[in-house]
Amino acid sequence: MTLGKFSIGVGDRFAHQAKAQLEACVLAQEAGIEVIPVWNKSNREHLIIGSEPSATRAAADAAIKSLGWTNPYFCDADHINLTTVDRFLAPCDFFTIDVADYIGKPAEETSIDAFVSRHSEVVGVINLEGAEPDIEITPDLLRDTAAKFLFAVQEAGKIYRKIEAAKGMGRFIPEVSMDETDSAQTPAELLIILAAVADEGISIQTIAPKFSGRFNKGVDYVGDVAQFAREMALDMAAIRYAVTHYGLPVNLKLSVHSGSDKFSIYPAIHESMKKFSTGVHLKTAGTTWLEEITGLAEAGGDGLALAKEIYAEAFDHRAELCVPYATVIDIDPEKLPSPTGVSGWSSEQYTSALRNDPSSPQYNPSFRQLLHVGFKIAAKMGRRYLDLLEASEAVIARNVTENLYDRHIAPVFLGLEK
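Residues numbered from 1 in each chain as written. Predicted model: local features only at pLDDT ≥ 70, side-chain atom pairs only at ≥ 80, totals over all residues. Heavy atoms only, no water.

Colleague: Break down the overall build of the protein for me, with residues and values.
Modeller: Secondary structure assignment for the protein yields 17 helices and ten strands. A globule of 418 residues ought to have a C-alpha radius of gyration of about 22 Å, and the protein, at 21 Å, matches this closely. Across the 418 residues that make up the protein, the buried fraction comes to 58%. Relative to all contacts within the protein whose residues are 6 or more apart in sequence, the contacts with residues 24 or more apart total 80%. In the structure as shown, the protein presents an accessible area of about 16500 Å², 51% of it carried by carbon and sulfur atoms. Averaging the coordinates of the 39 positive side-chain charges in the protein and doing the same for the 57 negative ones gives two points 3 Å apart. (Helix = DSSP H or I, 4+ residues; strand = E, 2+ residues; numbered from the N terminus. Rg over C-alpha atoms; globule rule 2.2 N^0.38 Å. Buried < 20%, exposed > 50% of the residue type's maximum accessible area, 1.4 Å probe, protein only. Contact = heavy atoms within 4.5 Å. Areas by Shrake-Rupley, 256 points an atom, 1.4 Å probe, with all protein chains shown as cover. Lys, Arg positive; Asp, Glu negative; His and termini not counted. Charge placed at Lys NZ, Arg CZ, Asp CG, Glu CD.)

Have a look at this one:
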């Protein structure tokens, strides 16, 4: 089972937009490229929604059948670990193995010693073809990186072997995720991590490092775009080096856990892919939920009323909603409109504040981020929310497809301006 060169991870928290998401991949195919859809949903999201991974699979399968999609597609057990993987084993064929919680926990000293001895070949100056500058790995850096990451990679190996025992060798796509941690990994650290991954026998096809800058939920990248571009080029070069020297899968590529809508770095991603003749796996995650709210507001009537109610509830419970996402949101309380004010908004006022269009004077990133983490409010509404999704399907589907294709697929994979 092999992941194609270009792939996109799409979140569908309420399992209603799979067809609209797939329509974006159909548009990509009509434009001349194959973009493989991967439906992802984490254990935390399933717990909040009260859903099962089998529902994600059922929605994806129904969309595939409806549109006659003949290319590959996958369902991702997103950010799983040993304690959460079991419920995903049957319905999923893509596994994002999240080891962020283990980073910094030291492996046994004998394991670190053995790893350092086994990989003395990386000590020195390494020219990563196609990227500058050269990287230098000192004996201290090798040992320090092993001390920080080796235990995490060993835990990834345990999870991988559990999945392999259940699914069979080569019958799933493995990803190792290290993005939800405090500090970015350097290209030198990534190369050492990949050597450890190879030692563990993990046939990863994607790896998600943490890049510098802020990847906040639902809004654009905050950081030095030029620095990101340099990091991406070096990381892609490090992956190519590791594939050659450590026998990792030839289609191994970066996974960019974008947190949605990182428009300013999309040109850098596209240029790096062209330079290294490689692909990426782009996870857009929760934008679909925001497109549902946008569509409801745009539909007017009961849909707009419900969108206003969801915001009012999110505003009242903003402290508890924000806690799980504290490291990936930057909400300015002073910029949040009052629910009373929002209750008088028109459809255009609501959608203009919510839609991620920095050129619009009405766009409100704090409003958008609060709604991004507020899907728990809609989940508690149950059928009331879902019935309005279905009643407004046409306008929501249009928003979902246009957003995914025009604002994500086209700039990243085709190099077109959004």
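Still more ground to cover, so stick around.
Colleague: Could you give an account of unusual backbone geometry, naming the residues involved and the relevant values?
Modeller: Cis geometry is found at the peptide bond from E132 to P133, where omega equals -5 degrees. Here P133 is to be found in the loop between β5 (124–126) and β6 (135–137). The phi angle at S277 is positive, at roughly 50 degrees, despite the residue not being glycine. Looking at the element boundaries, S277 is found in the loop between α8 (266–276) and β10 (280–285). Residue classification places S277 among the exposed residues on the basis of a relative accessible area of 59%.

Colleague: Account for the packing of helix α10 (residues 301–316) against helix α16 (residues 383–391), with residues named and values stated.
Modeller: At a minimum axis distance of 10 Å, the contact between α10 and α16 shows a crossing angle of 140 degrees. Accordingly, the angle class assigned to the pair α10 and α16 is oblique. Here α10 and α16 pass one another in a crossing that is left-handed. Along its contact with α10, which presents D302, G303, L306, E309 and I310, the element α16 presents R384, Y385 and L388. (Axes fitted to C-alpha atoms, helices over the stretch in contact; angles between N-to-C directions. Parallel < 35°, antiparallel > 145°, perpendicular 65-115°, else oblique. Left-handed = near helix turned anticlockwise from the far one by under 90°.)

Colleague: So what about the side chain of D78? Which residues, and what values?
Modeller: With respect to the element layout, D78 can be found in strand β3 (residues 74–80). Owing to a relative accessible area of 8%, D78 belongs among the buried residues under this scheme. A polar contact of 2.6 Å, which involves the side chain of D78, links it to the side chain of K283. When sequence neighbours within four positions are dropped, the list of residues in contact with D78 reads N40, K41, S42, N43, T96 and K283. (Polar contact = N/O pair within 3.5 Å; in protein donor to acceptor, adjacent residues only side chain to side chain.)

Colleague: Tell me what's going on with the side chain of R368, and back it up with residues and numbers.
Modeller: Examined against the element boundaries, R368 turns out to sit in helix α14 (residues 365–372). Leave out the neighbours within four places in its chain, and R368 touches G218, V219, D261, T287, L290, L354, R355, N356 and Y363.

Colleague: For the packing of α10 against α14, give the residues involved together with the corresponding values.
Modeller: Relative to each other, α10 and α14 sit at 90 degrees, their axes nearing to 10 Å. Relative to α14, the element α10 lies roughly perpendicular. On α14, the residues touching I310, Y311, A314 and F315 of α10 are F367, L370 and L371.

Colleague: Lay out the pairing of strand β4 (residues 94–98) with the relevant residues and their values.
Modeller: The side chains of a regular strand alternate, residue by residue, between the two faces of the sheet. Judged by how many residues are buried, β4 sits mostly within the fold: five of five residues are covered. Residues F94, T96 and D98 line one face of β4 and the alternating positions F95 and I97 line the opposite face, and both faces are buried. Both β3 and β4 contribute to a ladder of three bridges, which runs parallel. By the bridge assignment for β4, I80 is matched with I97. (Pairing = 2+ DSSP bridges.)

Colleague: Before we move on, could you go through the pairing of strand β2 (residues 36–42) and cite the residues and values that matter?
Modeller: Burial runs high along β2: seven of the seven residues are buried. Inspection of the sheet shows strand β1 (residues 7–11) paired to β2 by five bridges, in the parallel sense. For G9, the partnering residue across the bridge sits in β2 and is V38. Handedness of the β-α-β unit built from β1, helix α1 (residues 18–30) and β2 comes out right-handed. As judged from the five bridges shared by β2 and β3, these two strands associate in the parallel manner. Looking across to β3, one finds that V38 is bridged to F74. (Right-handed = clockwise from strand over helix to strand, strands pointing away.)

Colleague: Go over α8, please, and point to the residues and values.
Modeller: Two residues of an α-helix separated by three or four positions point the same way, owing to the 3.6 residues in each turn. For α8, the set of buried residues is Y266, A268, I269, H270, S272, M273 and F276. Of the residues one or two after α8, S277 is the one with positive phi, at around 50 degrees.

Colleague: Tell me what's going on with the packing of aromatic side chains, and back it up with residues and numbers.
Modeller: Here the structure, examined in full by the defined rule, presents 19 aromatic pairs. Between Y350 and F367, the ring centres sit 5.3 Å apart and the planes meet at 75 degrees, which makes this aromatic pair edge-to-face. Note that Y350 is positioned in helix α13 (residues 347–354) and F367 in helix α14, a separation of 17 residues in sequence. A relative accessible area of 0% places Y350 in the buried class. Given the relative accessible area of 0%, F367 is considered buried. One aromatic cluster is present, built from ring pairs that chain together Y311, F315, W345, Y350 and F367. Above the ring of Y325, the side-chain terminus of R44 is found at 4.6 Å from the ring centroid. Here the guanidinium or amino end of R318 rests over the ring plane of F315, the centre of that ring lying 4.1 Å away. (Phe/Tyr/Trp six-rings, centres within 6.5 Å; stacked < 30°, edge-to-face > 60°. Lys NZ or Arg CZ within 6 Å of the ring centre and 35° of its normal.)

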